[in-house]
Amino acid sequence: MEGRALTIWYNQPARQWDEALPVGNGRLGAMVFGGLDEERLALNVDTLWSGGPHEAEVADGPQVLAEIRERFAADGDRTAAADLTRRLQGPDSESYQPLGDLWLRRTAGPASGHGYRRSLDLRTAVASVTCPGRGLERRDVLASYPDQVVMVRMRATAGRTLDFEVGFSTPHREVECAAAPDGSLRATGRVPAHVDPPHHGLPDPVDYREGRGMLFGIAVDLRTDAGTVAALDGRLSVSGAHEATLLIAADSSFRDWRTEPGDDRGELLRRCAAVLDAARERTPDEIVRRHVEDHRVLFDRVELELGDAGGGQIPTDERLRRIRQGGADPALEALLFDYGRYLLIASSRPGTQAANLQGVWCEDVQPSWSCDYTTNINVQMNYWAAETANLAECHLPMADLIDALSESGAHTARTLYGCGGWVVHHNADLWKVSWPVRGEPMWAMWPMGAAWLCRHLVDHAEFTDDGEFLARRAWPAVRDAARFLLDFLIEDADGRLVTFPSTSPENTFLDAGGQRQCLDAAPAMDRWIMRELFRTALDLAQRTSLGDGDFAAEIQNALKRVPEPQAGPDGRLLEWSEPFDEYEPGHRHLSHLYGLYPGDEIDLELTPDLALAARRSLEHRLAHDGGGTGWSRAWAVCLWARLGDGDGAHESVRRMLSDHIAPNLLGLHPPHVFQIDGNFGYTAGIAEMLVQSHRKMLRLLPALPAAWPTGRVRGLRARGGTVVDLSWADGRLLEATLTSDRVEQRLLLVPDNVVLAETTVTDGSTLLRFEAA
């Protein structure tokens, strides 16, 4: 598989954001447009956000909570209770910000020519442009994690020269920009003090205030092999060069989430200059080598082949058009899987912020949904593939986010609810918002974010077989999230322990009077998550030897009283506590199916009745135009995979490519908004179709579709640290290699059409060969 091309490419420059190609090192991001007369690099820094530290500023939270509950208990008036929950809402989350654009504008050269090609090599993480007919032999752009710079290298064709200007622009204010004849360009500016998200529809959503808001800085150093470099009006001008290299460093004045941003432009630029000084100690070739080696250590762990890769000779946008016209392209389906891995490496590395709604790339000052961390599905989906796709290091920024939210969320739990432990609602940001934010209760009044986030810490420990991480980081978060629920839960009329107020995220139903409602007592998702968290807490208390006996007993008693999710009269899983009519039968969220995926309480073999109810729910939701966003369709891939339905999963794979992917293969939310969670969820779904390791079972090819009769995969990771390689032909598993540092007994499940024929064990690897049943 080493020789298989893993390249996204086009015959024309990008005209808009959803055609540009992303590079990133987790901290810095750049969208590369590939223009000839004018190249645009749209730049981002992971810590550049509007606003600063703030609090919920909710008065008398525990009293308000009691009033909400008393009102609902008195007469069941959900509308009145929902209105009262607005008194628990605090300020909205802040918005991730673009830094600005670096422009390369040609000042001389042929006006037309042949041979244009724009590409992104996923193996090397280098975006390139070639056009010999226009005098450009090659222009490469990369974002180096080892050297923490974005680098641009250009080379003219023989007999031609590079003649261009370098400039910087930004949508922000208080901008200072200067260029010098030594090839240096320095700029600083300030982002807004506050940005309201577009869905609020406010008349003045972007609030720039002089001296308020975070600073950013960018430093550019230009080197050429010949010709002249001049500075004019804040720009650099190059004439007569054959080769040119630009090194770009950028940063923000962010200090930490509890502290106001710094306000020293000189200090900010000195930090950027220090990065450039360190990078200049290496040649451009050395920077490239270090970058490629670093990237490939992660990217090359997994390889997937799903058929003829000949489609790689066709431009990517044309391949997408053919799929939308009904064509088949398994190799493009595999390429999109690899693209998800590439994007996670590029947007989430140890020491960086977690990947947000757009990873690390954002064009807008007022981005959709603030480009924040939406914790009722989206940020979790960003990391669904981190472990199965063998990128455990890239999961660590999520763990860091959870650590910080556990501190913020403890304050919210105490001040809003009078509870111990920690809580997170549906939105978070750089400043670790954990309270219900201003807006409709259907999305704001959901207190289960912390409990869900704990799953990521436990998964990381289980996939990496890291007992220290489990005890030091997972257990405290799990313990304290469980503590919150123990304090927050109330007894219903049947003596059960339920959440209230809560919602099934962003969804609504019709009550007996036909009124649209959102509040409920322990909707299905809450039940799945509570049961999972309490069981995890009991397990970890025993495994880590850190659990308190009284606490474990309290958890055990509470678990017995948490209501089980139920199927309704039509055989579908109930989303709410009663079989209410759905206001929107095709709603994008699939929250009541949490127990199937990412949870694992619903299992095809162990709980067949629940699996059937989940299947009916999924079929009903999709039949009513559900899965209408990129991330929702990706979730459907994962759910079908857990149901063992490869063809159902593949139909959602096909729909993902035909309906929810931009020309540059980034995921889309209607009408045409970039959201990266769909890319990551898709990659997770493909991995689930090939290997599953939950419930102490290892399933090989659990959901292989007819569309992939032949293929192979190397490097997927299962729980316990096991690495899995598979090959299959004619729809039949041929070989599996399981590699692990330790011996672990688990049940092995394989497709019904094969039986185990031979087993060979050597040096920690077990080779299994299969034959037709």
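Scroll up to find the structure.
Note that the structure is a prediction, hence the values are computed from the model and not measured. (Residues numbered from 1 in each chain as written. Predicted model: local features only at pLDDT ≥ 70, side-chain atom pairs only at ≥ 80, totals over all residues. Heavy atoms only, no water.)

Asker: Looking at this structure, I do not really get the overall build of the chain. What am I missing?
Answerer: Of the regular secondary structure elements, the chain holds 18 helices and 36 strands. The C-alpha atoms of the chain give a radius of gyration of 27 Å, which matches the 28 Å a tight globule of 773 residues would have. The principal-axis extent of the C-alpha atoms belonging to the chain is close to 85 × 70 × 50 Å. The long-range share in the chain, meaning contacts at least 24 apart out of those at least 6 apart in sequence, stands at 70%. For the chain, the exposed area adds up to about 27500 Å²; of that, 47% sits on carbon and sulfur atoms. Of the side chains in the chain, 80 bear a positive and 114 a negative charge, and the two mean positions are spaced by 3 Å. (Helix = DSSP H or I, 4+ residues; strand = E, 2+ residues; numbered from the N terminus. Rg over C-alpha atoms; globule rule 2.2 N^0.38 Å. Contact = heavy atoms within 4.5 Å. Areas by Shrake-Rupley, 256 points an atom, 1.4 Å probe, with all protein chains shown as cover. Lys, Arg positive; Asp, Glu negative; His and termini not counted. Charge placed at Lys NZ, Arg CZ, Asp CG, Glu CD.)

Asker: What exactly am I supposed to notice about the pattern of salt bridges here?
Answerer: Any two side chains of opposite charge can pair, on the condition that their charged atoms come close. Here the structure, examined in full by the defined rule, presents 74 salt bridges. The residue Arg258 makes a salt bridge to Glu407 at a minimum N-O spacing of 3.0 Å. On the criterion of sequence distance, the pair formed by Arg258 in the loop between strand 18 (243-252) and helix 3 (265-280) and Glu407 in helix 9 (residues 396-417) is long-range, its members being 149 residues apart. Owing to a relative accessible area of 48%, Arg258 belongs among the partly exposed residues under this scheme. Salt-bridge contacts for Asp459 lead to Arg719; the nearest nitrogen and oxygen are separated by 3.5 Å. Placement of Asp459 in helix 11 (residues 449-464) and of Arg719 in the loop between strand 31 (711-718) and strand 32 (722-729) is noted, with a sequence separation of 260 residues between them. (Salt bridge = Lys/Arg side-chain N within 4 Å of Asp/Glu carboxyl O. Buried < 20%, exposed > 50% of the residue type's maximum accessible area, 1.4 Å probe, protein only.)

Asker: Before we go on, may I ask you to explain the sheet that holds strand 15 (residues 215-224) in this structure?
Answerer: The strands making up a sheet are joined through hydrogen bonds of the backbone, oriented either antiparallel or parallel. What the 9 strands build is an open sheet, ordered 1-6-7-8-9-18-15-12-11; its pairing is antiparallel. Either end of the sheet is taken by a strand with one partner, and the two such strands are strand 1 (7-10) and strand 11 (173-180). Along the sheet, successive strands turn relative to each other by an average axial angle of 15°, direction set aside. Where strand 11 and strand 12 (residues 184-190) come together, 6 bridges link them in antiparallel fashion. Bridging from a neighbouring strand, Ala178 pairs with Arg186 of strand 12. Along the sheet, helix 3 makes contact with strand 9 (149-156), strand 11, strand 12, strand 15 and strand 18, crossing strand 15 at roughly 35°. (Pairing = 2+ DSSP bridges. Axes fitted to C-alpha atoms, helices over the stretch in contact; angles between N-to-C directions.)

Asker: Please clarify how the packing of aromatic side chains should be interpreted in this entry.
Answerer: Remark: the centre distance and the inter-plane angle together describe each pair of aromatic rings, the angle taken between the planes. The final tally for this structure, using the stated rule, is 15 aromatic pairs. Summarising the aromatic geometry, the rings of Trp49 and Tyr96 are spaced 5.6 Å apart at their centres and angled 55° between planes, so their arrangement reads as tilted. Highlighted residues: Trp49 in the loop between strand 4 (38-45) and helix 1 (61-75) and Tyr96 in the loop between helix 2 (78-85) and strand 5 (100-106), separated in sequence by 47 residues. Tyr96 shares its class with Trp49; the two are buried. Summarising the aromatic geometry, the rings of Trp384 and Trp635 are spaced 5.9 Å apart at their centres and angled 70° between planes, so their arrangement reads as edge-to-face. Note that Trp384 is positioned in the loop between helix 7 (378-382) and helix 8 (385-388) and Trp635 in helix 16 (residues 630-642), a separation of 251 residues in sequence. (Phe/Tyr/Trp six-rings, centres within 6.5 Å; stacked < 30°, edge-to-face > 60°.)

Asker: Help me out: how do you make sense of the nonpolar core in this one?
Answerer: A general tendency of soluble globular proteins is for nonpolar side chains to be buried together. Counting residues in hydrophobic clusters, the biggest one holds 225 residues, and the most contacted among them are Tyr339, Tyr342, Tyr417, Phe534, Trp635, Leu690 and Leu726. No other element matches helix 12 (residues 467-488), which puts 12 residues into this core. Apart from the residues lying within four places of it in its own chain, the contact partners of Tyr417 are Pro62, Leu65, Leu88, Thr412, Val423, His425, Pro436, Met445, Phe484 and Phe488. Grouped together as the second largest cluster of nonpolar side chains are 11 residues, Met151, Ala249, Cys272 and Leu276 included. (Core = buried A, V, L, I, M, F, W, Y, C linked by side-chain atoms within 4.5 Å.)

Asker: Would you take a moment to explain the packing of helix 6 (residues 330-347) against helix 18 (residues 677-690) for this structure?
Answerer: Each pair of packed helices can be summarised by the angle the axes make with each other and by the distance between the axes. At a minimum axis separation of 8 Å, helix 6 and helix 18 run at an interaxial angle of 125°. Put simply, helix 6 runs oblique to helix 18. Crossing of helix 6 over helix 18 shows left-handed handedness. Across from Glu333, Leu336, Phe337, Tyr339, Gly340, Arg341, Leu343, Leu344 and Ser347 in helix 6, the residues of helix 18 making contact are Asn679, Phe680, Tyr682, Thr683, Ile686 and Ala687. (Parallel < 35°, antiparallel > 145°, perpendicular 65-115°, else oblique. Left-handed = near helix turned anticlockwise from the far one by under 90°.)

Asker: Quick question: what am I supposed to make of unusual backbone geometry here?
Answerer: In most cases, non-glycine residues show a negative phi, while peptide bonds are predominantly trans. Geometrically, the link from Phe500 to Pro501 is a cis peptide bond, its omega value of 0° lying close to zero. Position of Pro501 among the secondary structure elements: in the loop between strand 23 (497-498) and strand 24 (509-510). Cis peptide bonds are those with omega within 30 degrees of zero, and the linkage from Tyr597 to Pro598 qualifies with 15°. Residue placement: Pro598 occurs in the loop between strand 26 (581-582) and helix 15 (608-623). One non-glycine residue, Trp369, lies in positive phi territory at about 50°.

Asker: Mind showing me how you'd approach the pairing of strand 18 here?
Answerer: Each regular strand shows side chains that alternate between the opposite faces of the sheet. Counting buried positions along strand 18 gives 9 out of 10 residues, so the element sits mostly inside the fold. The sheet contact formed by strand 9 and strand 18 spans 6 bridges and is antiparallel. Residue pairing in the sheet places Arg155 in a bridge with Glu243 of strand 18. Pairing between strand 15 and strand 18: 9 bridges, direction antiparallel. Among the inter-strand pairings, Arg223 is bridged to a residue of strand 18, identified as Thr245.

Asker: Can you help me understand the packing of helix 16 against helix 17 (residues 646-659) in this one?
Answerer: Orientation of helix 16 relative to helix 17, taken along the N-to-C sense of each, is 165°, at an axis distance of 8 Å. Classed by the angle they form, the pair helix 16 and helix 17 counts as roughly antiparallel. Considering how the two elements wind past one another, helix 16 and helix 17 form a crossing that is left-handed. Where helix 16 abuts helix 17, its residues Gly630, Arg633, Ala634, Ala636, Val637, Trp640 and Ala641 lie against Gly648, Ala649, Ser652, Val653, Arg655 and Met656. Here the residues of the contact of helix 16 with helix 17 are counted per class, giving 8 nonpolar, 3 polar and 2 charged. (Nonpolar A, V, L, I, M, F, W, Y, C, P; charged D, E, K, R; others polar.)

This is a description of form; function is not addressed.
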